[in-house]
Amino acid sequence: MNNTSLTDITGFADRYPWIFEKSSISSDKDAIINITEISTPLGPMLAGATSKGVCLLEFTNRIRLEKEFAELQKLLNAVMVAGRNSYLDQLENELTEYFEGKRKTFSVPLHTPGNDFSQAVWKTLQEIPYGKTCSYKEQAEMMNNPKAIRAIASTNGRNRLAIIVPCHRVIGSDGNMTGYAAGIDKKKWLLKFERNNSEIEDGYLF
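Quick look at the structure, then. (Residues numbered from 1 in each chain as written. Predicted model: local features only at pLDDT ≥ 70, side-chain atom pairs only at ≥ 80, totals over all residues. Heavy atoms only, no water.)

## Overview of the layout of surface pockets
In this structure, the largest pocket spans a volume of roughly 540 Å³. Considering the residues around the largest pocket, the lining is formed by 26 residues, among which R62, E68, G157, R158 and N159 are closest to the centre. At the level of elements, α3 (65-76), α5 (116-125) and α7 (149-157) are the ones that each hand at least two residues to the lining of the largest pocket. Of the residues assigned to the lining of the largest pocket, the class counts are eleven nonpolar, seven polar and eight charged. (1 Å grid on protein atoms, 1.4 Å probe; cavity = no way out; pocket = protein on both sides within 12 Å on 5 of 7 lines; lining within 4 Å. Points joined across faces, edges and corners; volume = space filled by probe spheres on them. Helix = DSSP H or I, 4+ residues; strand = E, 2+ residues; numbered from the N terminus. Nonpolar A, V, L, I, M, F, W, Y, C, P; charged D, E, K, R; others polar.)

Have a look at this one:
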């Protein structure tokens, strides 16, 4: 396992003190979220995993990131600890393959707390093929819930697993780029990157 060194952990905690200021080490392993930083071509990402799987992957410039961390801790009744586990090692390997254009889907186990509606929304996102996009209206139709467009869009925005659960593949019905918590520039980059590495032709609605 590629464990984070003590120096890396200290530097990580110094860079993101707000992650740990309200946490204390727990003796219950199921109540620990290991947190680490992963470098990508789009900048650093923060990744977290419990003993069940990856529960967090976000760009460090995501809006309301601190609130998202606090909500995740509350949902899982967990504390955050700088370090790695096997799921985070697997995630980093799969992300490397993704950004090399070699990986189209992710196989790392996920831990996504949420109600049944949220789970259904995030599952639908994972069904949007690499290299394609859909509108919020089309996503609602995929869920057989055409009147829930607003609720679906809001739940997309609460996705805590950027890239893995590809909310970046959902665009406006008119083809315009809509809100992406880490910035529209990253959304455009990801869509262009996937299109260039996809065998699907005319996979976009814009």
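## Some thoughts on the environment of I35
Mapped onto the elements, I35 comes out in strand β1 (residues 32-38). Since its relative accessible area comes to 1%, I35 is described here as buried. Considered as a pair, I35 and C55 are 20 residues apart in the sequence and their alpha carbons are 9.9 Å apart. Each residue touching I35, except ones within four places of it in the same chain, is listed here: F12, I19, A47, G48, L56, F69, M80, V81, A82 and G83. (Buried < 20%, exposed > 50% of the residue type's maximum accessible area, 1.4 Å probe, protein only. Contact = heavy atoms within 4.5 Å.)

## Digging into the side chain of T40
The topology assignment puts T40 in the loop between β1 and β2 (45-49). One polar contact links the side chain of T40 to the main-chain carbonyl oxygen of G43, over a distance of 2.6 Å. What T40 contacts, discounting residues up to four positions off in sequence, is M45, F59 and F99. (Polar contact = N/O pair within 3.5 Å; in protein donor to acceptor, adjacent residues only side chain to side chain.)

## Focus: the pattern of salt bridges
Counted by the stated rule, this structure contains ten salt bridges. With a closest N to O distance of 2.9 Å, R169 and E194 form a salt bridge. Here the residue R169 occupies a position in the loop between α7 and β6 (170-171), and E194 occupies one in helix α8 (residues 184-196), the gap between them amounting to 25 residues. According to the relative accessible area criterion, E194 is buried, its value standing at 0%. (Salt bridge = Lys/Arg side-chain N within 4 Å of Asp/Glu carboxyl O.)

## Structural notes on the packing of aromatic side chains
Summed over the entire model, instances satisfying the criterion amount to seven aromatic pairs. Measuring from centroid to centroid gives 5.7 Å for Y98 and F106, while their planes differ by 35°, and the two rings are tilted. The burial state of Y98 is the same as that of F106; both residues are buried. For the pair W189 and F193, a centre-to-centre distance of 5.0 Å together with 10° between the ring planes defines the contact as stacked. One end of the pair, W189, and the other, F193, are both in helix α8, four residues apart, so they sit about a helical turn from each other. Assessed through its relative accessible area of 33%, W189 is described here as partly exposed. Overall, F193 belongs to the buried group, its relative accessible area being 13%. Ring pairs connect the aromatic residues Y98, F99, F106, Y130, W189 and F193, which therefore count as one cluster. Over the face of the ring belonging to Y130 we find K104, whose NZ or CZ atom lies 5.2 Å from the ring centre. (Phe/Tyr/Trp six-rings, centres within 6.5 Å; stacked < 30°, edge-to-face > 60°. Lys NZ or Arg CZ within 6 Å of the ring centre and 35° of its normal.)

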